[in-house]
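Listed below, chain by chain, are the residues.
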Amino acid sequence: MRGFFRHISLVCAHTLLLSACMEYGPHAEEAFERSQRGVFILAEGNFTWENASLAFYDPAARKVDEEVFLRANGMKLGDVAQSMTIHRGRGYVVVNNSGVVYVIDPATFRVEGFIQGVVSPRYIHFPNDTTAYITDLYDPRITVVDPRNNSIRGRIGMNGHKSTEQMAQWGDEVFVNCWSYDDKILVVDAARDRLVDSIRVGWQPSSLAIDRRGKLWTATDGRADEPPALYRIDAATRRIEQTFLFPATAHPAELALNGTRDTLYYIDRSVWRMPVTAKSLPEEPFLPYAGTLYYGLAVDPLTGEVYVADAIDYQQHGAVYRFTARGEAVDTLRVGIIPGAFCFKNPTTH
(Lines give C-alpha, C1' and ligand atoms only; values in the text may rest on other atoms or scores of the structure.)
Protein backbone atom coordinates (compact mmCIF):
# COMPACT_ATOMS: atom_id res chain seq x y z
CA MET A 1 0.00 0.00 0.00
CA ARG A 2 1.26 3.43 -0.94
CA GLY A 3 2.61 5.56 1.91
CA PHE A 4 2.17 3.29 4.93
CA PHE A 5 4.03 5.58 7.29
CA ARG A 6 4.10 6.81 10.86
CA HIS A 7 3.76 10.38 12.15
CA ILE A 8 6.53 12.84 12.97
CA SER A 9 6.27 16.42 14.21
CA LEU A 10 5.95 19.29 11.79
CA VAL A 11 9.12 21.35 11.48
CA CYS A 12 7.19 24.58 11.87
CA ALA A 13 5.02 23.52 14.81
CA HIS A 14 3.01 26.71 15.21
CA THR A 15 1.13 28.84 12.72
CA LEU A 16 3.10 31.95 13.62
CA LEU A 17 6.33 30.23 12.66
CA LEU A 18 5.26 29.42 9.11
CA SER A 19 6.31 32.73 7.62
CA ALA A 20 9.61 32.61 9.49
CA CYS A 21 10.37 29.17 8.13
CA MET A 22 9.62 30.39 4.63
CA GLU A 23 11.65 33.57 4.89
CA TYR A 24 14.69 32.11 6.56
CA GLY A 25 14.77 28.63 5.10
CA PRO A 26 18.00 27.26 3.61
CA HIS A 27 16.75 27.61 0.01
CA ALA A 28 16.16 30.67 -2.13
CA GLU A 29 12.59 31.44 -3.17
CA GLU A 30 11.59 31.64 -6.82
CA ALA A 31 8.59 33.46 -8.30
CA PHE A 32 6.13 31.44 -10.41
CA GLU A 33 2.94 32.27 -12.24
CA ARG A 34 1.48 29.17 -13.87
CA SER A 35 -2.13 30.11 -14.52
CA GLN A 36 -2.65 27.60 -17.35
CA ARG A 37 -4.22 24.21 -16.81
CA GLY A 38 -1.86 21.44 -15.96
CA VAL A 39 -1.10 18.47 -13.75
CA PHE A 40 0.48 18.43 -10.30
CA ILE A 41 2.58 15.32 -9.72
CA LEU A 42 3.37 14.28 -6.15
CA ALA A 43 6.45 12.19 -5.47
CA GLU A 44 6.35 10.50 -2.07
CA GLY A 45 10.07 10.34 -1.52
CA ASN A 46 11.64 7.78 0.80
CA PHE A 47 10.15 7.25 4.23
CA THR A 48 11.87 9.47 6.87
CA TRP A 49 14.22 11.02 4.28
CA GLU A 50 12.10 14.19 3.89
CA ASN A 51 12.64 14.15 0.12
CA ALA A 52 9.02 14.34 -1.03
CA SER A 53 8.49 16.75 -3.93
CA LEU A 54 5.85 18.45 -6.03
CA ALA A 55 6.13 18.95 -9.80
CA PHE A 56 3.87 20.82 -12.23
CA TYR A 57 3.41 19.62 -15.81
CA ASP A 58 2.06 21.76 -18.66
CA PRO A 59 0.63 19.25 -21.16
CA ALA A 60 0.21 21.84 -23.93
CA ALA A 61 3.90 22.80 -23.82
CA ARG A 62 5.08 19.35 -22.69
CA LYS A 63 7.10 21.07 -20.00
CA VAL A 64 7.58 19.96 -16.41
CA ASP A 65 8.68 22.20 -13.55
CA GLU A 66 10.26 20.05 -10.85
CA GLU A 67 10.45 20.82 -7.11
CA VAL A 68 8.00 23.72 -7.39
CA PHE A 69 7.11 23.67 -3.67
CA LEU A 70 10.76 23.93 -2.64
CA ARG A 71 11.56 26.56 -5.25
CA ALA A 72 8.49 28.71 -4.52
CA ASN A 73 8.66 28.56 -0.72
CA GLY A 74 12.32 28.09 0.11
CA MET A 75 11.59 25.00 2.19
CA LYS A 76 11.17 21.29 1.60
CA LEU A 77 7.74 19.74 1.17
CA GLY A 78 8.44 17.19 3.90
CA ASP A 79 8.18 13.46 4.44
CA VAL A 80 5.89 11.38 2.20
CA ALA A 81 3.63 13.40 -0.09
CA GLN A 82 0.42 11.36 -0.12
CA SER A 83 -2.26 13.22 -2.09
CA MET A 84 -3.47 16.57 -3.41
CA THR A 85 -6.87 18.14 -4.05
CA ILE A 86 -7.87 21.50 -5.52
CA HIS A 87 -10.98 23.14 -4.09
CA ARG A 88 -12.24 26.66 -4.67
CA GLY A 89 -8.97 27.92 -6.10
CA ARG A 90 -6.75 26.45 -3.38
CA GLY A 91 -4.49 23.44 -3.55
CA TYR A 92 -4.38 21.11 -0.53
CA VAL A 93 -1.20 19.02 -0.37
CA VAL A 94 -1.34 16.19 2.17
CA VAL A 95 2.09 15.24 3.55
CA ASN A 96 1.54 12.03 5.47
CA ASN A 97 4.57 11.46 7.66
CA SER A 98 5.03 15.16 8.38
CA GLY A 99 1.48 15.32 9.70
CA VAL A 100 0.51 18.42 7.74
CA VAL A 101 -1.77 19.61 4.96
CA TYR A 102 -0.33 22.60 3.09
CA VAL A 103 -2.71 25.07 1.47
CA ILE A 104 -1.10 26.54 -1.64
CA ASP A 105 -1.92 28.89 -4.48
CA PRO A 106 -2.10 26.57 -7.54
CA ALA A 107 -0.70 29.30 -9.81
CA THR A 108 2.26 30.51 -7.73
CA PHE A 109 2.78 27.34 -5.64
CA ARG A 110 3.18 29.57 -2.58
CA VAL A 111 1.96 28.40 0.82
CA GLU A 112 -1.06 30.38 2.02
CA GLY A 113 -1.72 28.35 5.15
CA PHE A 114 -1.66 24.89 6.59
CA ILE A 115 -3.66 22.43 8.65
CA GLN A 116 -1.96 20.75 11.58
CA GLY A 117 -3.15 18.73 14.54
CA VAL A 118 -3.60 15.59 12.44
CA VAL A 119 -1.57 12.47 13.18
CA SER A 120 -0.93 10.79 9.83
CA PRO A 121 -3.14 12.44 7.18
CA ARG A 122 -3.97 10.56 3.98
CA TYR A 123 -6.65 12.32 1.92
CA ILE A 124 -8.77 15.46 2.12
CA HIS A 125 -12.33 15.75 0.83
CA PHE A 126 -14.82 18.63 0.82
CA PRO A 127 -18.44 17.56 1.45
CA ASN A 128 -19.39 21.24 1.10
CA ASP A 129 -17.70 24.65 1.00
CA THR A 130 -17.54 25.03 4.78
CA THR A 131 -16.31 21.54 5.64
CA ALA A 132 -13.28 19.39 4.88
CA TYR A 133 -12.68 15.81 5.99
CA ILE A 134 -9.16 14.46 6.50
CA THR A 135 -8.63 10.71 6.81
CA ASP A 136 -5.84 9.28 8.92
CA LEU A 137 -3.67 6.17 9.01
CA TYR A 138 -3.08 6.11 12.76
CA ASP A 139 -5.97 8.06 14.24
CA PRO A 140 -9.27 6.12 14.42
CA ARG A 141 -11.16 9.31 13.60
CA ILE A 142 -11.79 11.58 10.63
CA THR A 143 -10.72 15.15 11.31
CA VAL A 144 -13.31 17.81 10.46
CA VAL A 145 -11.84 21.13 9.30
CA ASP A 146 -13.31 24.54 8.48
CA PRO A 147 -11.51 25.45 5.21
CA ARG A 148 -12.35 29.12 5.67
CA ASN A 149 -9.72 29.40 8.40
CA ASN A 150 -8.04 25.95 8.27
CA SER A 151 -9.06 25.21 11.87
CA ILE A 152 -10.13 21.86 13.25
CA ARG A 153 -13.71 21.96 14.45
CA GLY A 154 -14.22 18.34 15.41
CA ARG A 155 -13.54 14.63 14.90
CA ILE A 156 -15.76 11.80 13.72
CA GLY A 157 -15.21 8.54 15.57
CA MET A 158 -14.96 5.41 13.41
CA ASN A 159 -16.45 2.93 15.88
CA GLY A 160 -13.34 0.83 16.36
CA HIS A 161 -11.93 1.05 12.83
CA LYS A 162 -8.30 2.01 13.24
CA SER A 163 -7.63 3.91 10.01
CA THR A 164 -9.35 5.56 7.06
CA GLU A 165 -8.25 6.19 3.47
CA GLN A 166 -9.94 7.50 0.34
CA MET A 167 -13.35 9.17 0.18
CA ALA A 168 -16.13 9.40 -2.40
CA GLN A 169 -19.44 11.22 -2.06
CA TRP A 170 -23.00 10.54 -3.24
CA GLY A 171 -25.57 13.05 -2.05
CA ASP A 172 -24.95 13.84 1.61
CA GLU A 173 -23.13 10.58 2.25
CA VAL A 174 -19.37 10.21 2.18
CA PHE A 175 -18.00 6.70 1.69
CA VAL A 176 -14.63 5.91 3.24
CA ASN A 177 -12.52 2.80 2.79
CA CYS A 178 -10.69 1.17 5.72
CA TRP A 179 -7.57 -0.38 4.23
CA SER A 180 -5.30 -1.38 7.10
CA TYR A 181 -6.31 -4.89 8.31
CA ASP A 182 -9.98 -4.16 7.70
CA ASP A 183 -12.79 -5.10 5.33
CA LYS A 184 -15.22 -2.21 5.53
CA ILE A 185 -16.46 0.76 3.54
CA LEU A 186 -17.74 3.26 6.11
CA VAL A 187 -20.66 5.61 5.51
CA VAL A 188 -20.55 9.12 6.99
CA ASP A 189 -23.54 11.46 7.05
CA ALA A 190 -21.94 14.75 5.97
CA ALA A 191 -24.96 16.78 7.09
CA ARG A 192 -24.37 15.68 10.69
CA ASP A 193 -20.66 14.72 10.61
CA ARG A 194 -21.53 11.29 11.93
CA LEU A 195 -20.72 7.68 11.08
CA VAL A 196 -24.03 5.99 10.21
CA ASP A 197 -23.26 2.66 8.54
CA SER A 198 -20.67 0.30 7.08
CA ILE A 199 -20.51 -2.08 4.11
CA ARG A 200 -18.54 -5.28 4.38
CA VAL A 201 -16.38 -6.08 1.37
CA GLY A 202 -13.20 -8.12 0.86
CA TRP A 203 -9.99 -7.88 2.84
CA GLN A 204 -8.24 -4.48 2.72
CA PRO A 205 -10.11 -2.28 0.22
CA SER A 206 -7.28 -0.23 -1.26
CA SER A 207 -8.98 2.48 -3.31
CA LEU A 208 -12.37 4.02 -3.99
CA ALA A 209 -14.25 5.66 -6.87
CA ILE A 210 -17.88 6.50 -7.66
CA ASP A 211 -19.21 6.48 -11.22
CA ARG A 212 -21.83 8.58 -12.99
CA ARG A 213 -24.65 6.15 -12.10
CA GLY A 214 -23.95 6.32 -8.38
CA LYS A 215 -22.09 3.03 -8.25
CA LEU A 216 -19.27 2.81 -5.75
CA TRP A 217 -16.16 0.84 -6.79
CA THR A 218 -13.44 -0.57 -4.59
CA ALA A 219 -10.58 -3.04 -5.10
CA THR A 220 -9.52 -5.38 -2.31
CA ASP A 221 -6.17 -7.02 -1.60
CA GLY A 222 -7.47 -10.42 -0.58
CA ARG A 223 -5.65 -12.87 1.73
CA ALA A 224 -4.88 -16.57 2.08
CA ASP A 225 -8.47 -17.79 2.06
CA GLU A 226 -9.93 -14.99 -0.05
CA PRO A 227 -8.98 -13.83 -3.58
CA PRO A 228 -8.52 -10.15 -4.49
CA ALA A 229 -11.67 -8.62 -5.93
CA LEU A 230 -13.28 -5.60 -7.51
CA TYR A 231 -16.65 -4.59 -6.03
CA ARG A 232 -19.47 -2.55 -7.52
CA ILE A 233 -21.86 -1.20 -4.87
CA ASP A 234 -25.04 0.84 -5.30
CA ALA A 235 -24.44 3.99 -3.25
CA ALA A 236 -28.13 4.68 -2.67
CA THR A 237 -29.00 1.22 -1.29
CA ARG A 238 -25.47 0.31 -0.08
CA ARG A 239 -25.98 -3.10 -1.69
CA ILE A 240 -23.14 -4.98 -3.40
CA GLU A 241 -24.29 -5.44 -6.99
CA GLN A 242 -21.38 -7.35 -8.43
CA THR A 243 -18.09 -8.89 -7.32
CA PHE A 244 -15.33 -9.44 -9.87
CA LEU A 245 -12.84 -12.01 -8.60
CA PHE A 246 -9.14 -12.01 -9.53
CA PRO A 247 -6.53 -14.77 -9.40
CA ALA A 248 -4.85 -15.11 -6.01
CA THR A 249 -1.64 -13.60 -7.39
CA ALA A 250 -3.32 -10.41 -8.64
CA HIS A 251 -2.98 -6.99 -6.98
CA PRO A 252 -5.72 -4.68 -8.30
CA ALA A 253 -5.34 -1.10 -7.09
CA GLU A 254 -5.29 2.60 -8.02
CA LEU A 255 -8.86 2.86 -9.31
CA ALA A 256 -9.46 5.86 -11.57
CA LEU A 257 -12.41 7.08 -13.65
CA ASN A 258 -12.41 9.15 -16.83
CA GLY A 259 -14.05 12.59 -16.91
CA THR A 260 -17.50 11.28 -17.84
CA ARG A 261 -17.15 8.62 -15.14
CA ASP A 262 -18.30 5.83 -17.44
CA THR A 263 -14.97 4.02 -17.76
CA LEU A 264 -12.95 2.53 -14.91
CA TYR A 265 -9.16 2.11 -14.98
CA TYR A 266 -7.00 0.16 -12.56
CA ILE A 267 -3.49 -1.23 -12.15
CA ASP A 268 -2.79 -4.93 -11.84
CA ARG A 269 0.79 -5.20 -13.10
CA SER A 270 -0.55 -3.87 -16.43
CA VAL A 271 -3.05 -1.01 -16.73
CA TRP A 272 -6.59 -2.18 -17.43
CA ARG A 273 -9.86 -0.45 -18.25
CA MET A 274 -13.52 -1.46 -18.46
CA PRO A 275 -16.94 0.17 -18.89
CA VAL A 276 -18.72 0.72 -15.59
CA THR A 277 -21.57 -1.39 -16.99
CA ALA A 278 -19.29 -4.39 -17.65
CA LYS A 279 -20.38 -7.84 -16.56
CA SER A 280 -16.86 -9.27 -16.45
CA LEU A 281 -13.25 -8.16 -16.12
CA PRO A 282 -11.41 -7.11 -19.30
CA GLU A 283 -9.53 -9.81 -21.19
CA GLU A 284 -6.81 -7.59 -22.69
CA PRO A 285 -4.90 -4.82 -20.88
CA PHE A 286 -5.12 -1.21 -21.94
CA LEU A 287 -1.37 -0.76 -21.33
CA PRO A 288 0.46 -4.11 -21.18
CA TYR A 289 3.17 -4.67 -18.61
CA ALA A 290 6.55 -3.79 -20.11
CA GLY A 291 8.94 -4.21 -17.20
CA THR A 292 7.79 -0.97 -15.59
CA LEU A 293 6.65 -0.58 -11.99
CA TYR A 294 3.26 1.04 -12.50
CA TYR A 295 2.66 2.76 -9.17
CA GLY A 296 0.16 5.58 -9.71
CA LEU A 297 -2.66 6.20 -12.18
CA ALA A 298 -4.91 9.10 -13.18
CA VAL A 299 -7.09 10.13 -16.11
CA ASP A 300 -7.34 13.72 -17.32
CA PRO A 301 -11.03 14.62 -16.82
CA LEU A 302 -11.07 16.90 -19.89
CA THR A 303 -8.99 15.04 -22.48
CA GLY A 304 -9.26 11.43 -21.35
CA GLU A 305 -5.48 11.13 -21.46
CA VAL A 306 -3.99 8.61 -19.06
CA TYR A 307 -1.05 9.34 -16.77
CA VAL A 308 0.87 6.45 -15.24
CA ALA A 309 3.62 6.82 -12.61
CA ASP A 310 6.62 4.48 -12.62
CA ALA A 311 8.48 4.19 -9.30
CA ILE A 312 11.35 2.33 -11.09
CA ASP A 313 13.40 1.09 -8.10
CA TYR A 314 12.08 3.36 -5.30
CA GLN A 315 15.51 5.03 -5.07
CA GLN A 316 16.16 7.05 -8.22
CA HIS A 317 13.89 9.71 -9.69
CA GLY A 318 10.76 8.17 -11.13
CA ALA A 319 9.01 8.56 -14.46
CA VAL A 320 5.53 9.51 -15.59
CA TYR A 321 4.10 8.30 -18.89
CA ARG A 322 1.35 10.15 -20.70
CA PHE A 323 -0.94 8.30 -23.12
CA THR A 324 -3.92 9.23 -25.28
CA ALA A 325 -7.31 7.69 -24.52
CA ARG A 326 -6.44 5.14 -27.22
CA GLY A 327 -3.26 4.10 -25.44
CA GLU A 328 -0.83 5.92 -27.74
CA ALA A 329 2.33 7.23 -26.07
CA VAL A 330 2.51 11.06 -25.92
CA ASP A 331 5.26 12.03 -23.49
CA THR A 332 7.63 10.75 -20.79
CA LEU A 333 8.58 12.89 -17.78
CA ARG A 334 11.24 12.47 -15.12
CA VAL A 335 10.06 13.68 -11.75
CA GLY A 336 10.88 13.07 -8.08
CA ILE A 337 11.44 9.87 -6.12
CA ILE A 338 8.42 7.49 -6.04
CA PRO A 339 5.78 9.47 -7.96
CA GLY A 340 2.39 8.23 -6.89
CA ALA A 341 -0.39 10.82 -7.08
CA PHE A 342 -1.77 13.37 -9.55
CA CYS A 343 -3.98 16.44 -9.30
CA PHE A 344 -5.41 18.16 -12.40
CA LYS A 345 -5.69 21.94 -12.45
CA ASN A 346 -8.31 23.45 -14.71
CA PRO A 347 -8.53 27.26 -14.25
CA THR A 348 -12.01 27.36 -15.82
CA THR A 349 -13.46 25.29 -12.97
CA HIS A 350 -11.16 25.95 -9.99
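You'll find the structure just up there.
Just so you know, these numbers come straight off a predicted model, no measurement behind them. (Residues numbered from 1 in each chain as written. Predicted model: local features only at pLDDT ≥ 70, side-chain atom pairs only at ≥ 80, totals over all residues. Heavy atoms only, no water.)

## Digging into the overall build of the chain
A tally of helices and strands in the chain yields two helices and 27 strands. Relative to a compact globule of 350 residues, whose C-alpha radius of gyration would be 20 Å, the chain shows 19 Å and is just as compact. By its C-alpha atoms, the chain is 55 × 45 × 40 Å across when sized along the principal axes. In the chain, which comprises 350 residues, the proportion classed as buried is 59%. Relative to all contacts within the chain whose residues are 6 or more apart in sequence, the contacts with residues 24 or more apart total 47%. Of the accessible surface of the chain, which amounts to about 14,600 Å², a share of 50% is contributed by carbon and sulfur atoms. (Helix = DSSP H or I, 4+ residues; strand = E, 2+ residues; numbered from the N terminus. Rg over C-alpha atoms; globule rule 2.2 N^0.38 Å. Buried < 20%, exposed > 50% of the residue type's maximum accessible area, 1.4 Å probe, protein only. Contact = heavy atoms within 4.5 Å. Areas by Shrake-Rupley, 256 points an atom, 1.4 Å probe, with all protein chains shown as cover.)

## Observations regarding the sheet that holds strand E24 (residues 306-310)
Judged by pairing direction, the sheet is antiparallel, and its four strands sit side by side in the order E23-E24-E25-E26 without closing on themselves. Both outer strands of the open sheet, strand E23 (294-299) and strand E26 (329-337), are each paired with one neighbouring strand and no more. Direction aside, neighbouring strands of the sheet carry axes that sit 20 degrees apart on average. One ladder, built from six bridges, connects strand E25 (residues 317-323) with E26; its direction is antiparallel. Along E26, the bridge assignment pairs His317 with Ile337. (Pairing = 2+ DSSP bridges. Axes fitted to C-alpha atoms, helices over the stretch in contact; angles between N-to-C directions.)

## Details of the layout of surface pockets
The calculated volume of the largest pocket comes to roughly 1,500 Å³. Taken together, 39 residues form the lining of the largest pocket, with Met84, Thr85, Met167, Phe342 and Phe344 sitting closest to its centre. If you list the elements that add at least two residues to the lining of the largest pocket, you get strand E4 (81-87), strand E8 (121-128), strand E12 (167-170), strand E16 (205-210), strand E20 (253-257), E23 and strand E27 (339-345). Of the residues belonging to the lining of the largest pocket, the class tally is 22 nonpolar, 13 polar and four charged. (1 Å grid on protein atoms, 1.4 Å probe; cavity = no way out; pocket = protein on both sides within 12 Å on 5 of 7 lines; lining within 4 Å. Points joined across faces, edges and corners; volume = space filled by probe spheres on them. Nonpolar A, V, L, I, M, F, W, Y, C, P; charged D, E, K, R; others polar.)

## Digging into the sheet that holds strand E13 (residues 173-177)
An order of E12-E13-E14-E15 is seen for the four strands of this open sheet, with the pairing classed as antiparallel. Strands with a single pairing partner mark the edges of an open sheet, and in this sheet they are E12 and strand E15 (194-200). The sheet shows a mean angle of 25 degrees between the axes of neighbouring strands, direction not considered. Note that strand E14 (residues 184-189) and E15 share six bridges and pair antiparallel. Note that in E15 the partner of Val187 across the bridge is Asp197.

## Notes on the side chain of Thr143
Here Thr143 lies in strand E10 (residues 141-146). For Thr143, the side chain forms a polar contact with the side chain of Arg155, separated by 2.7 Å. (Polar contact = N/O pair within 3.5 Å; in protein donor to acceptor, adjacent residues only side chain to side chain.)

## Quick look at the nonpolar core
Core analysis: the biggest nonpolar cluster contains 24 residues, and Leu54, Leu77, Met84, Val93 and Tyr102 have the highest contact counts within it. Those elements that provide at least two residues to this core are strand E1 (38-43), strand E2 (53-58), helix H2 (68-73), E4, strand E5 (90-95), strand E6 (100-104), strand E7 (111-115) and E27. Grouped together as the second largest cluster of nonpolar side chains are 15 residues, Ala209, Tyr266, Trp272 and Ala278 included. (Core = buried A, V, L, I, M, F, W, Y, C linked by side-chain atoms within 4.5 Å.)

## A closer look at the packing of aromatic side chains
Aromatic ring pairs are reported here in terms of the distance separating the ring centres and the angle at which the planes meet. Taken as a whole and assessed by the stated rule, the structure comprises 14 aromatic pairs. Taken together, a centroid distance of 4.9 Å and an interplanar angle of 55 degrees make the contact between Phe69 and Tyr102 tilted. One end of the pair, Phe69, is in helix H2; the other, Tyr102, is in strand E6, with 33 residues separating them in the sequence. A relative accessible area of 1% places Phe69 in the buried class. Judged by relative accessible area, which is 7%, Tyr102 ranks as buried. Note on Tyr307 and Phe342: the rings are 6.1 Å apart at their centroids and 50 degrees apart in plane angle, and the pair reads as tilted. Of this pair, Tyr307 sits in strand E24 while Phe342 is found in strand E27, placing the two residues 35 residues apart along the sequence. Taken as a pair, Tyr307 and Phe342 share a single burial class, namely buried. (Phe/Tyr/Trp six-rings, centres within 6.5 Å; stacked < 30°, edge-to-face > 60°.)

## Quick notes on the pairing of strand E21 (residues 263-268)
Across the six residues of E21, six count as buried, placing the element largely inside the fold. Of the two faces of E21, the one holding Thr263, Tyr265 and Ile267 and the one holding Leu264, Tyr266 and Asp268 are both buried throughout. Sheet topology note: the E20/E21 ladder contains three bridges and is antiparallel. Bridge pairing links Ala253 to Ile267 in E21. The antiparallel hairpin formed by E20 and E21 contains five residues in its connecting segment, where Arg261 sits at a positive phi of about 55 degrees. Pairing geometry for E21 and strand E22 (residues 270-275), over six bridges, is antiparallel. Each residue of the ladder has a partner; that of Ile267, found in E22, is Val271. Between the antiparallel neighbours E21 and E22 lie one residue, among them Arg269 with a positive phi of about 65 degrees.

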